[in-house]
Amino acid sequence: MKNSVEGINRRNFLKLLGGGIAVALTYSDLNALSKHTAFVPPGDDAIAAWVHILENGTVTVYTGKVEVGQNIRTSLSQVVAEELSVPVSSIEMIMGDTLLTPYDRGTYGSLTTPTMGPKLRKAAASLREVLTDMAAKQWNVAQQTVAVKNGQVIHAVSGKTVSFGVLTRGKKMLLAVNDQVQLTPAEKWSVAGTPVAKVNAKSFVSGKHQYVSDMVMPGMVYGKMLRAPSYGASLVAADVEKAKISPGVNVVKEDNFIGVTAPDPQTATNALARIEARWKTTPQPSRAEIFTYLKTHAQDKERKAGEAVDKAFGAAPVQVQQHFEVQYIAHVPLEPRAALAVWENGKLTVWTGTQRPFGVQEELAEVFSIPKDHIRVMMPDTGSAYGGKHSGEAAVEAARLSRAVGKPVKVVWTREEEFKWAYFRPAGLIEVAAAASNEGLLASWEFHNYNSGGAGIEIPYEVPHKHIQYHPSDTPLKQGSYRGLAATANVFSIESVMDDLARQLKQDPFRFRLNNLKEERLKQVLQAAASKFDWTRQKEAGRGYGMACGFVKNAYVGTCAEVAYNKSNGQLQLLRLVVAFECGAIVNPMHLENQVMGCVLQGLGGALFEAVDFKDGRILNPSLSSYRVPRFGDIPELDIVLVDRKDMPSAGAGEAPIVGVAPAIRNAIADVTGVKLNTLPLLPHGMTLKTPSLSSNK
Amino acid sequence: MKINVNGTDYTLNVPANTSLLDALRVNLNLTGSKYGCGEGACGACKVLIDGHATPSCITPVASVENKIVITIEGLEKDGQLHPLQQAFLDEDAFQCAYCSSGMIISAVALKTKNPTPTRQEIIEAMQGNICRCCVYPRIINAISKA
C-alpha cells in the first residue's frame, strides 16, 4: 500500500481508530465474495471496511459505498444490528468519504448487498464474539453462557449484564475478521429481513437533508461553464470582456475551459450569457442513421456463428429472424451533477454526488497533478443516480474554478447540461436468428448485439447449438452504465424471439418457456408471476397478455403484462403489470419492494417512450418538457410478488426488475394486435399503433 | 424587494431576473425546495403561493411581493411534522427523496382543496411532479392515507 488514501492498512489504522474495539476486513476478504472479474484489490492487507464500537458504546460502520436512494444505509445497518443485537438507530454509517472510509471502487453493479453486506455481517459477528469472550473472562464463566442483547452482554445463568461501552472502555484494539464466525442464519433474523424505515427519513421529508446542491460555505461563489454548441466542436475564439461587467464576476480561462464565478447563481448565468464564442464544428452522426452507423462501425464485424449453428437453423422447421433497435436513453437523476470544492494549502476538498467517490478522487489527482492524499472527496446521500453518476465532471469543474478564484465554488449542472454533457445508456442493434423443433424445443440460437453491451446476453434457455456475440462499436454519444445496462436490450430481444417462436408453434408462451428452461430460480419467478397474473384466465375481447423473464447478477424476475387495444382508433392501454422477483434472502422487504417498483416503473419509460434525439452532434430534446419520463398518469396497476429465498445469499435488486418490462408489454401488444414491435421505445409517439416509427421520423 | 416566506418578512437585493427558487435557496438558505428542471416541468421546486402549489423555478421572485409563500420548511409546526410529511414517512414514499418536498407541497395544496381525493384525482393533481425513482404507487398511498 502506497498511502492511506488508496487503502487504509493495518499499520496506520490504529492511528485513525482512537479508542474502542474494531473489527476490520481486508480486500482479500472482500474479494473472495466478489464475482466482479475486473476487481483488483488495492493490496492484501488493505482494509475494505470496518465496524467499530466506540468507548461510549456507539457502533460506527465505515464503508466506501454510497447512498443514492437504494437504501443501503439502512440495509447495511440492519445486517450489522442483527449480528450485534443492537437497535438500528444506534448505528452510524460513515459512507463514501475518501478520508474516513476505506477505498471502494464504487457503488454499482449490484455489488453492495452480495459483497459488502455479508462482510459487514462477518465483521459484526466477529465483534460480538470478542465482546462475549471479554465478558466471559471478566466474569470467569463459559463463553457459551453469555450472549449479546440490546447493546449489552448478558450472562444467562446469573443474569449479570455489562454494556458494550463499559467493555470497550480504555481499549484500543483492531482485530481481523474471524472467517469461521457463526452468522445468524436468515431464518433467524429479527432485524435484518424486516421493514426498517429509511435511516434519517425525517430529514428528507422536512427538507433538512443537505444534498450537495444544497450545501454552502462561507465565501462560496457559484460557478458556470461555457459549453460547446455540439459534440466535437472546438473553440476558435471567445470574447469574455462583457461577462466581467457585473460586480463580483470572475472569468476563468484555462486552455479550452471557460467558466465564470459570481456571488449568486443568477449573476453567474447572466455573465455566462454575455460571453461571445466562435466554434468550429465537425460532422457528427445523427439518430436517423444510428443503427447503420453502429453496425458499420463495429470493432469486430466478423460474425462467427459456425457451421453447427447454421446447419441446425437450416434444418429446423420453425424459424424466426428478427432485428431489434434500442435507442439511447438518459438517466435523468432528479438532482443533477453537483459539486462544492475548496482548496486550502494545496489540498483539495470536494463534496459531490457520485457513485464513485474514490474514482472522482483519482480523476481529480490526474487533472490537477497532485497526490491523491491531498484530495478528500465526500459524498452526502445524493439525489439518485441509476448508474448515471460514475464520473466526476462537476467535481473537476468546481475544483478548477475554485483554484483559479481562490474561493470555495459550487457547481450545479442545469438539466440541459445533465442531458447534454453526462452520458447515456447505449443504443444498440440486435440481430437474432432462432429455430425450434415442431415439438417446441429450441434447436438453434444466433445472437449478435452491436454496441449495447454484454450484460444479460446469455440465453437462459437450453439450446443445443448457439452462437452469441457482442460487437462493441464506436458510439457517437457518450455512453456508460445504467441500471441493468445491456440486459434490458438483450432480454428484450431474447424474450421477444421466444414469444414469436411460441406464436409460430401455436404454443402457449408460458408453456414454451417452461419446456425450454432448466434454471429453477427463473422458473420459480416466472411461475409466481403467471400465478399472480392468473395467466390461464379467459381474455376479455381486445385484451392481450404478454410475459418475459430474465436475470441479472443472481436476481431473477418474471413479468406479465396486460394491454387493452381499441381496434377502431388504434389506441393501446397498459392495464396491468405483475412482477415476481427473487434476489435471495430479503434484507428489507419494504425497501426491496421500492427498488422493484421503482425499477419497473422507471423501465416503463425506456420501454414505451424515452429516446434521446440527436442530430449533427446536438441533443434535440435536452429538457424534461421534451424528454418524457414516467409520471403518475403512466403507471398501470402493479402487483409485486417478492419471493424470499432464505436459503440463498442476498443479491442486489436495483437492476434485474427492469429487464422484463419492455418484452412483456411488447408481447402483450403482439398478442392482441398481431403487430411485433421490435424497437425500444415501443411507442414513442403515444399509445397508438398508427403513428410512424421513431427511426424513420427524423 | 420584500417577500413573506413561512410567516417571516424578508428584504432582498437580487438581480432583476432572479427566480423565487434561487431567492429561497441562495438568499434565504431555505434549500428544501429543489432544482430539477428549470422549466416548471418536474415539480421538485414547488412551493405554496397563496395556497397554490407553484413551481418556484419559473416564478420571478418579484412576482410574489404581497403574497404568502410557504415552503417545505414552513409545514412543520412546533417540531410536529405536517400530516402529509408524516404520511410520506409512514408509507416510505421515496427512495432518494429529492422529489419529496415538491411532492408534499403539491399534496398539501390538493388535500386543502379536496380532503378526500380519489386515486384519479390524486394522479391528476400530481401529474406535474416527477419521482425519478418512480415509487409513484407509494406516494399515491401516502396522499390517500394522510
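**Student:** Any chance you could explain the overall build of chain B here in plain terms?
**Tutor:** Helix and strand counts for chain B stand at five helices and five strands. Helices and strands in chain B line up, N terminus first, as β-β-α-β-β-β-α-α-α-α. For 146 residues, the compact-globule formula gives about 15 Å, and the C-alpha radius of gyration of chain B, at 15 Å, lands near that figure. In terms of overall dimensions, chain B has C-alpha extents of about 40 × 30 × 25 Å along its principal axes. Looking at chain B as a whole, 59% of its 146 residues are labelled buried. Across chain B, every contact between residues at least 6 apart in sequence was considered, and the portion connecting residues at least 24 apart equals 59%.

**Student:** Any chance you could explain the overall build of chain A here in plain terms?
**Tutor:** Along the backbone of chain A there are 17 helices and 29 strands. Its C-alpha atoms give chain A a radius of gyration of 27 Å, within 12% of the compact-globule value 26 Å for 698 residues. Its C-alpha atoms give chain A principal-axis dimensions of about 80 × 75 × 50 Å. Across the 698 residues that make up chain A, the buried fraction comes to 56%. For chain A, the share of sequence-separated contacts (at least 6 apart) that also reach a separation of at least 24 residues comes to 76%.

**Student:** Where do I start with the sheet that holds strand 22 (residues 465-471) of chain A in this structure?
**Tutor:** Hydrogen bonds along the backbone pair up the strands of a sheet, which may run parallel or antiparallel. All names here are of chain A. Spatially, five strands are ordered 22-21-20-15-29 in an open sheet, and the strand pairing comes out mixed. Looking at which strands have only one partner, the edges of the open sheet turn out to be strand 22 and strand 29 (679-680). In the sheet, strand 15 (residues 318-326) pairs with strand 29 via two bridges, with the strands oriented parallel. Among the inter-strand pairings, Val326 is bridged to a residue of strand 29, identified as Leu680. Running over the sheet, helix 9 (residues 307-315) touches strand 15, strand 20 (428-436), strand 21 (442-450) and strand 22 and is turned about 120 degrees from strand 21.

**Student:** Would you explain the sheet that holds strand 8 (residues 161-163) of chain A in this entry?
**Tutor:** Residues and elements named next belong to chain A. Pairing in this open sheet of three strands is antiparallel, and the strands run 6-7-8 from one edge to the other. Of all the strands in the sheet, just strand 6 (146-149) and strand 8 have a single pairing partner and so form its edges. Taking the axes of each pair of neighbouring strands and ignoring which way they run, one obtains an average angle of 25 degrees across the sheet. When strand 7 (residues 152-155) meets strand 8, the two strands line up antiparallel, connected through three bridges. In the sheet register, Ile154 faces strand 8, and the bridge partner there is Thr161. Strand contacts of helix 4 (residues 112-139): strand 6, strand 7 and strand 8, with the helix running at about 130 degrees to strand 6, the strand carrying the most contacts.

**Student:** Whenever I open this one, the packing of helix 2 (residues 83-91) of chain B against helix 3 (residues 100-113) of chain B confuses me. Can you help?
**Tutor:** A packed helix pair is summarised by two numbers, namely the angle formed by the two axes and the spacing between the axes. Residue and element names in this part refer to chain B. Put simply, helix 2 and helix 3 touch, their axes get as near as 9 Å, and they point 125 degrees apart. Here helix 2 lies oblique to helix 3, going by the angle between them. Considering only the axes of helix 2 and helix 3, their crossing is right-handed. In contact with Leu84, Gln85 and Phe88 of helix 2, helix 3 contributes Ser100, Ile104, Ala107, Val108 and Lys111. The class makeup of the residues in the contact of helix 2 with helix 3 is five nonpolar, two polar and one charged.

**Student:** I would appreciate a short explanation of the interface of chain A and chain B in the present structure.
**Tutor:** Reports often express the size of an interface as the amount of accessible area lost when the parts come together. Counting residues at the interface gives 47 residues for chain A and 46 residues for chain B. Looking at the side of chain A that touches chain B, the elements with two or more residues in it are helix 6 (201-205), helix 7 (265-273) and helix 16 (589-608) of chain A. When its residues are assigned to classes, the side of chain A that touches chain B shows 21 nonpolar, 19 polar and seven charged.

**Student:** Any chance you could explain unusual backbone geometry here in plain terms?
**Tutor:** A negative phi angle characterises most non-glycine residues, just as the trans form characterises most peptide bonds. The omega torsion of the bond from Leu680 of chain A to Pro681 of chain A falls at 5 degrees, within 30 degrees of zero and hence cis. Mapped onto the elements, Pro681 of chain A comes out in the segment after strand 29. The phi angle at Asp78 of chain B is positive, at roughly 50 degrees, despite the residue not being glycine. Within the fold, Asp78 of chain B resides in the loop between strand 5 (68-70) and helix 2.

**Student:** What's the story with the packing of helix 2 of chain B against helix 5 (residues 136-145) of chain B in this structure? I'm lost.
**Tutor:** Residue and element names in this part refer to chain B. Orientation of helix 2 relative to helix 5, taken along the N-to-C sense of each, is 135 degrees, at an axis distance of 8 Å. If you check the angle between helix 2 and helix 5, you find them oblique. Helix 2 and helix 5 meet at a crossing whose hand is right-handed. The segment helix 2 lies against helix 5, with Ala87, Phe88 and Glu91 engaging Arg138, Asn141, Ala142 and Lys145. Classifying every residue of the contact of helix 2 with helix 5 by side-chain character gives three nonpolar, one polar and three charged.

**Student:** Just to check I follow, could you spell out the domain arrangement of chain A for this structure?
**Tutor:** All names here are of chain A. Here chain A is partitioned into domain 1 (41-206), domain 2 (212-281 + 337-412) and domain 3 (297-328 + 424-697). At the interface, 20 residues of domain 1 touch 20 residues of domain 3. Counting residues per element, the ones that place at least two in the side of domain 1 that touches domain 3 are helix 3 (72-84) and helix 4. The residue makeup of the side of domain 1 that touches domain 3, split by class, is nine nonpolar, 10 polar and one charged.

**Student:** What am I meant to see in helix 13 (residues 486-505) of chain A here?
**Tutor:** Structurally, the α-helix is built with 3.6 residues per turn, so residues lying three or four positions apart point the same way. Here helix 13 of chain A is 20 residues long and its end C-alpha atoms lie 29 Å apart, about the 28 Å a rise of 1.5 Å per residue gives. Most of helix 13 of chain A is tucked away, with 17 of its 20 residues classed as buried.

**Student:** Just checking my understanding: could you explain the environment of Ile468 of chain A for this structure?
**Tutor:** Residue and element names in this part refer to chain A. Mapped onto the elements, Ile468 comes out in strand 22. Sequence separation between Ile468 and Phe324 is 144 residues; the distance between their C-alpha atoms is 15 Å. The residues touching Ile468, leaving out its near neighbours within four places in the chain, are Phe447, Ile457, Glu458 and Ile459.

**Student:** Looking at this model, I keep getting lost on the pairing of strand 23 (residues 543-552) of chain A. Mind explaining?
**Tutor:** Regular strands have side chains that alternate between both faces of the sheet. All names here are of chain A. Within strand 23, nine of the 10 residues are buried, which leaves the element mostly enclosed by the surrounding structure. Sheet topology note: the strand 23/strand 24 (residues 555-566) ladder contains 10 bridges and is antiparallel. Each residue of the ladder has a partner; that of Gly550, found in strand 24, is Val557.

**Student:** Explanation requested: helix 2 of chain B in the structure shown.
**Tutor:** Every buried residue belonging to helix 2 of chain B is among Leu84, Gln85, Ala87, Phe88, Leu89 and Glu91 of chain B, and all of these are buried. Check the buried side of helix 2 of chain B and you find it contacts helix 6 of chain A together with helix 3 and helix 5 of chain B. Phi for Asp92 of chain B, located one or two positions after helix 2 of chain B, is positive at around 55 degrees.

**Student:** It is not clear to me how the nonpolar core should be interpreted in this structure. Could you clarify?
**Tutor:** When a protein is soluble and globular, its nonpolar side chains tend to lie buried together. Residues and elements named next belong to chain A. Core analysis: the largest hydrophobic core is formed by 260 residues, its most contacted members being Val51, Val80, Ala339, Ala395, Ala398, Ala529 and Ile665. No other element matches the 10 residues that helix 13 contributes to this core. Dropping the residues within four chain positions of it, Ala395 is found in contact with Ala339, Ala341, Val350, Thr352, Val360, Leu364 and Val377.

**Student:** Could you clarify how one ought to interpret the confidence of the model for chain A in this entry?
**Tutor:** Any region with low pLDDT has predicted coordinates that should not be read closely. For chain A, per-residue confidence averages 92 on the pLDDT scale, and 93% of positions sit at 70 or higher. Confidence drops under pLDDT 50 across residues 1-7 of chain A; counting only partners more than four residues distant or on other chains, this segment forms 25 contacts.

**Student:** Can you walk me through the environment of Gly248 of chain A in this structure?
**Tutor:** All names here are of chain A. Counting through the fold element by element, Gly248 comes out in the loop between strand 11 (234-239) and strand 12 (250-254). Taking the C-alpha atoms as reference points, Gly248 and Thr261, 13 residues apart in sequence, are found 8.0 Å from one another. If we ignore the near neighbours within four places in the chain, the residues touching Gly248 are Ala262, Pro263 and Thr267.

**Student:** Can you walk me through the confidence of the model for chain B in this structure?
**Tutor:** Averaged over every residue, the pLDDT of chain B is 97; the share at 70 or more is 100%. For this predicted complex, the interface score ipTM comes out at 0.98, alongside a pTM of 0.94.

Procedures and definitions
- Residues numbered from 1 in each chain as written.
- Chains lettered and ligands numbered in written order.
- Predicted model: local features only at pLDDT ≥ 70, side-chain atom pairs only at ≥ 80, totals over all residues.
- Helix = DSSP H or I, 4+ residues; strand = E, 2+ residues; numbered from the N terminus.
- Rg over C-alpha atoms; globule rule 2.2 N^0.38 Å.
- Buried ≥ 20, exposed ≤ 12 C-beta atoms within 10 Å, placed from the backbone.
- Contact = placed C-beta atoms within 7 Å.
- Pairing = 2+ DSSP bridges.
- Axes fitted to C-alpha atoms, helices over the stretch in contact; angles between N-to-C directions.
- Parallel < 35°, antiparallel > 145°, perpendicular 65-115°, else oblique.
- Left-handed = near helix turned anticlockwise from the far one by under 90°.
- Nonpolar A, V, L, I, M, F, W, Y, C, P; charged D, E, K, R; others polar.
- Domains from an automatic or database assignment.
- Expected span 1.5 Å × (residues − 1).
- Core = buried A, V, L, I, M, F, W, Y, C linked by C-beta atoms within 7 Å.
- pLDDT = per-residue confidence, 0-100.

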